[in-house]
Amino acid sequence: MFITTAELITSISILGTAAFAFSAVLAASEKNTDIFTVAVLGVITAVGGGSTRDVLLNTTVFWSEEMYYIWIAITSSLIGFLSVSLLKKNLVYTVNLYVDAIAISMFAIQGTDKAWSLGFGLPLGPIMLGIITAVGGGVIRDILLQRPTLLLSKELYAIPVALGCTLHALGLTFAPQYSDISAIVSALLVFYLRHLSISKQVQVPRWALISTGKS
Amino acid sequence: MFITTAELITSISILGTAAFAFSAVLAASEKNTDIFTVAVLGVITAVGGGSTRDVLLNTTVFWSEEMYYIWIAITSSLIGFLSVSLLKKNLVYTVNLYVDAIAISMFAIQGTDKAWSLGFGLPLGPIMLGIITAVGGGVIRDILLQRPTLLLSKELYAIPVALGCTLHALGLTFAPQYSDISAIVSALLVFYLRHLSISKQVQVPRWALISTGKS
Amino acid sequence: MFITTAELITSISILGTAAFAFSAVLAASEKNTDIFTVAVLGVITAVGGGSTRDVLLNTTVFWSEEMYYIWIAITSSLIGFLSVSLLKKNLVYTVNLYVDAIAISMFAIQGTDKAWSLGFGLPLGPIMLGIITAVGGGVIRDILLQRPTLLLSKELYAIPVALGCTLHALGLTFAPQYSDISAIVSALLVFYLRHLSISKQVQVPRWALISTGKS
């Protein structure tokens, strides 16, 4: 490989940060918010999942020592603020879903990786913290904007993230020397499953839906 | 006693974990969710209150070293998923309330106990963390499912938990040698008051309701 | 000065605690809650922002060592509970906004100050934690009460807090020997801007509002 795993993980999480902040602007554009609220929401969305992960790991929150994550989130929010009016309404919706998909792919793997390197509750702990890193920021964003969280949608959302984190945990267990390949493949798996859900309306199979005694 | 206090507390919190995860499935069955979301919600509900407590205690989150709590929550969620269709709609509602009552009784006492043993802000701190341990997971569940939190219901909810935690704090202060009896009696008090509220519609007395200048 | 900066900061945060707890009662009076729920909400609102700050700082939560904050919050909640019926409906609304304004002015500066003294991610970190300290408790209150958070209102809310925290951060950077004056001026700035927003309906300027492709 031309870059180290650490560099790859850093690049991945920078791209994820920008994508998540951008997604917050798109989500906030449904409400009448202003440029400052957008920046606040962008930062919370971008670093909310990772902050929750770090709080649960009882470690220093990552952005206090790597402040460029905050600047990236603010910059991405402002670019989103300026460009959102140029996007068509239904296009905004689709772009939002894909940008969110990129972000959760990145953060799922990066969160699993960090918890693994700290030996947090192996092997289930890193998978859980990977999910929290990926989904946490978006869930906080949805709660603050009073939208139904994506957890409740019929789309494949929790499943792709959980599968990707599990795959990366398997990779780290059985082939730690190929951890960077495991990271890339796992992130691509998350993104591909989200893509199937968004573009082909692949939904959760019927047997996996909760059935109440209604019918 | 035939079992130690530590064993009793562990048994109590295992039962509470299973009950809380089950309650999340019942709550989620009102929405069209899937098996994976149910498991995620079950785990968050089951360990959300205790995790919040441990984060405030600035200590290691309990489940990172006792991963069986997560497995219990997942198993209980899956059993709930499979059995919820067998339950009638109004039965689900009542069962949900009672299962929730068992869980909050268990967690209130266990949370008070843990904060007390760490000497956290005695004597009020353990009572507060007991309430957070008991109510936190359910409140997070309700927020994620966009339901009104049980804090807002007219039923006795905050009061039983607060009384039980206070009783246990009194027990730990004045009769520490009988801490296991204090734990059992306090948990039973919480459950009994919740039972009165559920079965007899015992509500908060009128003088305790907030009165606005409307009438 | 007749009092030290530490004494000033303590006085400020005690007043802020009482104000925030009172605001929770006023907000809760829109829902039919009871005296215990009001006290729980009052405490959560009063110490929620500061607790979030301390959790992110990975330090001991402030109230575990200074339990009088909890007693102040409970007392203020009970006073609010007893007095809310004496207030007229539209008066409650205005008082709520001003009480909230006092609280966020106090907490913004106190949060910035604490993060600064711990050297947390200077210079942006203290500004962020100041905002979280100020806005966190109220946001948690609004989420628990299922109200739209003030973040989403068209009023100036995030902006005054952010400007005040930034001013105090500038003061601490360039004139640390006048940190108490910086604290007072910055808190007054936050309050004055909130006052303009409340009394004169000064809103976010049009260019700062998010514009979607609708019109």
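Residues numbered from 1 in each chain as written. Chains lettered and ligands numbered in written order. Predicted model: local features only at pLDDT ≥ 70, side-chain atom pairs only at ≥ 80, totals over all residues. Heavy atoms only, no water.

**Quick notes on the overall build of chain A**
Regarding its fold elements, chain A presents seven helices and zero strands. Overall size of chain A, expressed as C-alpha extent along the three principal axes, is 55 × 50 × 35 Å. Split into buried and exposed, the 215 residues of chain A put 60% on the buried side. Across chain A, contacts joining residues at least 24 apart in sequence account for 75% of those joining residues at least 6 apart. Here chain A has roughly 8,800 Å² of accessible surface; of this, 68% comes from carbon and sulfur atoms. With 12 positive and 11 negative side-chain charges, chain A shows a separation of 16 Å between the mean positions of the two kinds. (Helix = DSSP H or I, 4+ residues; strand = E, 2+ residues; numbered from the N terminus. Buried < 20%, exposed > 50% of the residue type's maximum accessible area, 1.4 Å probe, protein only. Contact = heavy atoms within 4.5 Å. Areas by Shrake-Rupley, 256 points an atom, 1.4 Å probe, with all protein chains shown as cover. Lys, Arg positive; Asp, Glu negative; His and termini not counted. Charge placed at Lys NZ, Arg CZ, Asp CG, Glu CD.)

**So, the interface of chain C and chain A**
Listed per partner, the contact involves 29 residues of chain C and 33 residues of chain A. Both faces considered, chain C and chain A share a buried interface measuring about 2,700 Å² in area, 73% of it formed by carbon and sulfur atoms. On the chain C side of the interface with chain A, the three residues burying the most area are L151(C), L152(C) and I210(C), jointly 24% of the side's total. The tally of links from chain C across to chain A stands at zero salt bridges. Seen at the junction of chain C and chain A, the total is one residue pair in polar contact (both at pLDDT 80 or more). Considering every element that reaches the side of chain C that touches chain A, the biggest residue donor is helix 5 (residues 124-144) of chain C, with six residues. Each residue belonging to the side of chain C that touches chain A can be placed in one class, and the counts come to 18 nonpolar, eight polar and three charged. (Buried area = accessible area lost by both parts, 1.4 Å probe. Salt bridge = Lys/Arg side-chain N within 4 Å of Asp/Glu carboxyl O. Polar contact = N/O pair within 3.5 Å; in protein donor to acceptor, adjacent residues only side chain to side chain. Nonpolar A, V, L, I, M, F, W, Y, C, P; charged D, E, K, R; others polar.)

**Looking at the interface of chain C and chain B**
The partner chain B presents 29 residues to the 33 residues of chain C that form the contact. Taken together, the connections running from chain C to chain B amount to zero salt bridges. Our enumeration of links across chain C and chain B arrives at one residue pair in polar contact (both at pLDDT 80 or more). If you list the elements that add at least two residues to the side of chain C that touches chain B, you get helix 2 (35-56), helix 3 (68-83) and helix 5 of chain C. At eight residues, the largest contribution of residues to the side of chain C that touches chain B is made by helix 2 of chain C.

**Things to note about helix 6 (residues 158-174) of chain B**
End to end, helix 6 of chain B covers 24 Å across 17 residues, agreeing with the expected 24 Å (1.5 Å per residue, within 8%). Every buried residue of helix 6 of chain B is accounted for by A158(B), I159(B), P160(B), V161(B), A162(B), G164(B), C165(B), H168(B), A169(B), G171(B) and L172(B). (Expected span 1.5 Å × (residues − 1).)

**Some remarks on the relation of the copies chain C and chain A**
The two copies are related by a screw operation: chain C maps onto chain A through 120 degrees of rotation and 0.0 Å of translation along the axis, at an RMSD of 0.0 Å. In symmetry terms, the pair is related by a three-fold rotation axis. Both copies present different contact surfaces, since only 14% of the interface residues of chain C are interface residues in chain A too. (Least-squares fit on C-alpha atoms with pLDDT ≥ 70 in both.)

**Examining the pattern of salt bridges**
Under the defined criterion, the tally for this structure stands at 15 salt bridges over all chains. The partner of D54(C) in a salt bridge is K114(C), and the shortest N-O contact between them spans 3.0 Å. Taken together, the positions of D54(C) in helix 2 and K114(C) in helix 4 (residues 89-117) put the pair 60 residues apart, joining distant regions of the chain. Judged by relative accessible area, D54(C) falls into the buried class, the value being 0%. Judged by its relative accessible area of 22%, K114(C) is partly exposed. Each of D100(A), R141(A), D142(A) and R147(A) takes part in salt bridges that share partners, so that together they form one network.

**Considerations on the relation of the copies chain C and chain B**
Overlay of chain C on chain B (RMSD 0.0 Å): rotation 120 degrees, translation along the axis 0.0 Å. Counting the interface residues of chain C, we find that no more than 12% of their copies in chain B are interface residues as well, pointing to two distinct contact surfaces.

**Things to note about the UniProt feature "transmembrane region" (unreviewed entry) in chain A**
Residue and element names in this part refer to chain A. The UniProt entry lists residues 6-28, 35-56, 68-87, 94-112 and 124-144 under the feature "transmembrane region" (unreviewed entry), expressed in the numbering used here. Measuring from the first to the last C-alpha atom of residues 6-28 gives 33 Å, for a span that is 100% helix and 0% strand. Secondary structure across residues 68-87 divides into 80% helix and 0% strand, with the first and last C-alpha atoms of the span separated by 27 Å. (UniProt positions renumbered as here; feature names shortened; annotations may be inferred.)

**So, a nonpolar patch on the surface**
Residues and elements named next belong to chain A. Together, L167, L170, F174, Y178, I181 and V185 make up an exposed nonpolar region whose accessible area comes to about 590 Å². Considering each element in turn, the nonpolar patch owes the most residues, three residues, to helix 6 (residues 158-174). Here L170 shows up in helix 6. Since its relative accessible area comes to 44%, L170 is described here as partly exposed. (Patch = residues over 30% accessible without salt bridge, like charges linked within 9 Å, V, L, I, M, F, W, Y side chains within 5 Å.)

**Observations concerning the environment of L15(A)**
Residue position: L15(A) is located in helix 1 (residues 5-28). Under the relative-accessibility criterion, L15(A) is labelled partly exposed at 47%.

**Let's talk about the UniProt feature "domain: Glycine transporter" (unreviewed entry) in chain A**
Residue and element names in this part refer to chain A. Residues annotated by UniProt as "domain: Glycine transporter" (unreviewed entry) correspond here to residues 12-82 and 98-169. Structurally, residues 12-82 is divided into 76% helix and 0% strand, and its ends, taken at the C-alpha atoms, are 24 Å apart. Between the C-alpha atoms that bound residues 98-169 the distance is 24 Å, and the span itself is 74% helix and 0% strand.

**Quick look at the nonpolar core**
Counting 198 residues, the largest nonpolar core has W63(A), V161(A), W63(B), V161(B), W63(C) and V161(C) as its most contacted members. Leave out the neighbours within four places in its chain, and W63(A) touches V47(A), S51(A), Y69(A), I70(A), L56(C), F120(C), M128(C) and L129(C). (Core = buried A, V, L, I, M, F, W, Y, C linked by side-chain atoms within 4.5 Å.)

**Focus: empty space enclosed by the protein**
Applying the stated criterion across every chain yields a total of seven cavities of 30 Å³ or more. Around the largest cavity sit 14 residues that line it, and V55(A), N58(A), N58(B), V55(C) and N58(C) are the ones nearest its centre. Listing elements by their share of the lining of the largest cavity, those giving two or more residues are helix 2 (35-56) of chain A, helix 2 (35-56) of chain B together with helix 2 of chain C. Among the elements that line the lining of the largest cavity, the one with the most residues is helix 2 of chain C, at three residues. Its residues assigned to classes, the lining of the largest cavity shows five nonpolar, six polar and three charged. (1 Å grid on protein atoms, 1.4 Å probe; cavity = no way out; pocket = protein on both sides within 12 Å on 5 of 7 lines; lining within 4 Å. Points joined across faces, edges and corners; volume = space filled by probe spheres on them.)

**A closer look at helix 5 (residues 124-144) of chain A**
Residues and elements named next belong to chain A. Here helix 5 contains 21 residues, and its C-alpha end-to-end distance of 29 Å stays within 8% of the 30 Å for a straight helix at 1.5 Å per residue. By the largest-angle criterion, V135 marks the main kink of helix 5, which is about 40 degrees. Where burial is concerned, most of helix 5 is hidden: 19 out of the 21 residues are buried. Of the residues flanking the end of helix 5, it is Q146, one or two places downstream, whose phi is positive at about 55 degrees. (Bend = angle between axes of the 7 residues up to and from the residue.)

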